[in-house]
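Examination of the molecular architecture
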Amino acid sequence: MGQLKSQIKPFDISKWEVKEAWEEVKSHRGAPGVDGQSIDDFEKDLKSNLYKVWNRMSSGSYFPPPVRAVEIPKPNGGGTRMLGIPAVADRVAQTVVARHLVRRVDPVFHPDSYGYRPGRSALDAVERCRERSWKRDWVVEFDIAKFFDSVPWDLLVKAVEAHTDAVWVNLYVRRWLAAPLAMPDGSLLERERGTPQGAPVTLPTQWATSASR
């Protein structure tokens with residue numbers, strides 16, 4: 001009986017969810033994270049690596065490694081922005097949570113939002129703009145300066161909690177928010193607000209924030 005109980009996990013995360021998350025991460029490719037492990041390296045011991053992600057996530061013992069920070073130039077010489085590159089295993093774990101959130105947030109999101117949503121593209125947004133250009137002779141454009149860098153964690157977590165009661169989702173979102181950045185000079189930057197751009201879970205959490213306003 002004791003052996004049977006030891007197999008029970010506190011969080012109901014299926015191995016199939018982790019496998020599907022891996023397929024999505026693999027399709028996007030991407031650079032190695034702070035551990036230097038590439039997509040191909042991860043796949044060499046795929047069964048064991050996916051089991052580790054599932055076992056740790058379903059048991060509540062998953063803690064993300066630091067996110068590798070890379071500075072990339074902005075278009076038109078507008079300086080640089082910091083891109084966060086999680087480790088491959090961490091991208092798999094984040095994608096498990098991201099897929100959970102997308103299923104709940106996307107159906108209630110604004111119909112005129114096209115950025116990075118399933119089944120939508122920039123060309124869809126262009127088509128809608130063309131349609132409306134025949135009906136209106138004005139355009140409103142605005143941007144939130146450094147939104148990803150400054151979003152308060154408490155508000156983001158509240159937004160996530162408004163869309164799911166899955167304890168494990170909220171737990172891991174909090175841990176990802178607090179993961180330090182591994183800077184290009186080798187130092188670790190602890191953060192108190194904001195989310196690095198480039199992580200699979202970043203956009204669904206931002207959607208949750210927007211959909212909860």
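Everything below is about the structure shown above.
This report concerns the structure included in the present document. (Residues numbered from 1 in each chain as written. Predicted model: local features only at pLDDT ≥ 70, side-chain atom pairs only at ≥ 80, totals over all residues. Heavy atoms only, no water.)

This paragraph deals with the nonpolar core. In this structure, Met57, Val92, Val97 and Trp168 are the most contacted members of the largest nonpolar core, which totals 32 residues. For this core, the secondary structure elements donating two or more residues are helix 2 (15-28), helix 3 (39-44), helix 4 (46-59), helix 5 (88-105), helix 8 (153-163) and helix 9 (167-178). Among all residues touching Met57, those that are not within four sequence positions of it are Phe11, Ile13, Tyr62, Ala93, Val96, Val97, Trp168 and Tyr172. (Core = buried A, V, L, I, M, F, W, Y, C linked by side-chain atoms within 4.5 Å. Buried < 20%, exposed > 50% of the residue type's maximum accessible area, 1.4 Å probe, protein only. Helix = DSSP H or I, 4+ residues; strand = E, 2+ residues; numbered from the N terminus. Contact = heavy atoms within 4.5 Å.)

Glancing now at the packing of helix 4 against helix 5. At a closest axis distance of 10 Å, the pairing of helix 4 and helix 5 adopts a crossing angle of 50 degrees. With respect to helix 5, the element helix 4 is oriented oblique. Crossing angle aside, the handedness with which helix 4 passes helix 5 is right-handed. Counted together, Leu50, Val53 and Met57 of helix 4 and Ala89, Val92, Ala93, Val96 and Val97 of helix 5 form the full contact between these two elements. Residue classes in the contact of helix 4 with helix 5 are distributed as 8 nonpolar, no polar and no charged. (Axes fitted to C-alpha atoms, helices over the stretch in contact; angles between N-to-C directions. Parallel < 35°, antiparallel > 145°, perpendicular 65-115°, else oblique. Left-handed = near helix turned anticlockwise from the far one by under 90°. Nonpolar A, V, L, I, M, F, W, Y, C, P; charged D, E, K, R; others polar.)

The strand order across the open sheet built from 4 strands is 2-1-3-4, with neighbouring strands paired in mixed fashion. The open sheet has two edge strands with one neighbour each: strand 2 (80-85) and strand 4 (188-189). Bridge analysis of strand 3 (residues 181-182) against strand 4 gives 2 bridges, and the strand direction is antiparallel. Within strand 4, the position partnered with Leu181 by the bridge is Leu189. (Pairing = 2+ DSSP bridges.)

Another point: the packing of aromatic side chains. A complete count under the given rule lists 5 aromatic pairs for this structure. Between Tyr51 and Trp54, the aromatic rings sit 5.6 Å apart at their centres with planes inclined by 45 degrees, giving tilted as the arrangement. In this pair, Tyr51 and Trp54 both sit in helix 4, 3 residues apart, roughly one turn of the helix. Overall, Tyr51 belongs to the partly exposed group, its relative accessible area being 42%. Clustering of aromatic rings is evident, with ring pairs tying together Tyr62, Tyr172 and Trp176. The side chain of Lys15 reaches across the aromatic face of Trp54, ending 4.7 Å from its centre. Over the aromatic face of Phe63 sits the side chain of Arg175, whose NZ or CZ is 3.7 Å from the ring centroid. (Phe/Tyr/Trp six-rings, centres within 6.5 Å; stacked < 30°, edge-to-face > 60°. Lys NZ or Arg CZ within 6 Å of the ring centre and 35° of its normal.)

Now for the packing of helix 5 against helix 9. Interhelical geometry of helix 5 versus helix 9 gives an angle of 130 degrees and a closest axis separation of 11 Å. Comparing their axes, helix 9 and helix 5 come out oblique. Considering the relative orientation of helix 5 and helix 9, their crossing is left-handed. Note on element contacts: helix 9 touches helix 5 through Trp168, Val169, Tyr172, Val173 and Trp176, opposite Asp90, Ala93, Gln94, Val96, Val97, His100 and Leu101. Of the residues in the contact of helix 5 with helix 9, the class split is 9 nonpolar, 2 polar and 1 charged.

Moving on, we come to the environment of Trp168. Within the fold, Trp168 resides in helix 9. Looking at Trp168, the relative accessible area reads 8%, which means it is buried. Sequence spacing of Trp168 and Ile13 is 155 residues, and the spatial spacing of their C-alpha atoms is 8.9 Å. Those residues in contact with Trp168 that sit more than four places away from it in its chain are Phe11, Ile13, Met57, Val96, Val97 and His100.

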